[in-house]
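Next come the chains, spelled out residue by residue.
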Amino acid sequence: MASPLRIGLGYDIHRLVPGRKLILGGVEIPADLGLDGHSDADVLTHALADAILGALALPDIGHFFPNTDPHCLGLDSQEILRRAVAEAKARGYRIGNVDIAVLAEKPRLSPHISKMKERLAQTLGIAVEDIGLKATTNEGCDTIGAGKAIAAHAVALLARIE
Ligand SMILES: [Zn+2]
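Bear in mind the structure is a predicted one, so any value in this text is a computation, not a measurement.

### Some thoughts on the sheet that holds strand β7 (residues 149-160)
Thought 1: Spatially, the five strands line up as an open sheet ordered β4-β1-β7-β5-β6, and their pairing is mixed. The strands lining the two open edges of the sheet, one partner per strand, are β4 (34-35) and β6 (131-136).
Thought 2: Relative to β6, strand β5 (residues 93-103) is paired through six bridges, and the arrangement is parallel. Looking across to β6, one finds that isoleucine 100 is bridged to leucine 133.
Thought 3: Strands β5 and β6 of the sheet are contacted by helix α4 (residues 113-124), whose axis makes an angle of about 145° with β6.

### Points about α4
Thought 1: Its 12 residues give α4 an end-to-end C-alpha distance of 16 Å, which sits within 8% of 16 Å, the value for a rise of 1.5 Å per residue.
Thought 2: Of the residues making up α4, those classed as buried are Ile113, Met116, Leu120, Ala121, Thr123 and Leu124. Considered in projection along α4, the buried side chains sweep an arc of 165° and stay on one side of the axis. Summarising the geometry of α4, the exposed residues directed more than 90 degrees from the buried face are Lys115 and Gln122.
Thought 3: The secondary structure elements touched by the buried residues of α4 are β2 (22-24), β3 (27-29), α1 (43-55), α3 (77-90), β5 and β6.
Thought 4: Backbone geometry just downstream of α4 places glycine 125 in the positive-phi region, at approximately 70°.

What counts and how
- Residues numbered from 1 in each chain as written.
- Predicted model: local features only at pLDDT ≥ 70, side-chain atom pairs only at ≥ 80, totals over all residues.
- Heavy atoms only, no water.
- Pairing = 2+ DSSP bridges.
- Helix = DSSP H or I, 4+ residues; strand = E, 2+ residues; numbered from the N terminus.
- Contact = heavy atoms within 4.5 Å.
- Axes fitted to C-alpha atoms, helices over the stretch in contact; angles between N-to-C directions.
- Expected span 1.5 Å × (residues − 1).
- Buried < 20%, exposed > 50% of the residue type's maximum accessible area, 1.4 Å probe, protein only.
- Arc of directions from axis to C-beta.

So far we have only geometry, and geometry alone does not tell us how the molecule works.
Here's what the structure looks like:
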């Protein structure tokens, strides 16, 4: 890997369904609906892990944690994120900074942003100041706007360990 800096992009979307917890950024958020998925379906953390793996030109998290693997059932997605960080370290890179946008019509996520940042900082092993995280609605447009799904976009910058 030639570049001292590497950038990656991640995107994910999960459907909202009854009878599931809503976990975002490793934090359980009180809500009527939760995200459907094989793991805890933490869409924000999945997008972020994919951004880190993307920066390393590796395949997405489905390659490392296949949804056919029974061990991944109900998996804490912070474990997925830890794996992405480990893959970076193994190649001589550390996480520089990350930036995430979550698209959710409801619930309102702003009261939970600081807690999510703290949790992600812990897993990534970086300072809270190196994590950008904002939530927006989809202005009522399409599936996300109808409150049927939550999506997340993330970018991650990796820096070579000196
Ligand atoms: Zn996902």
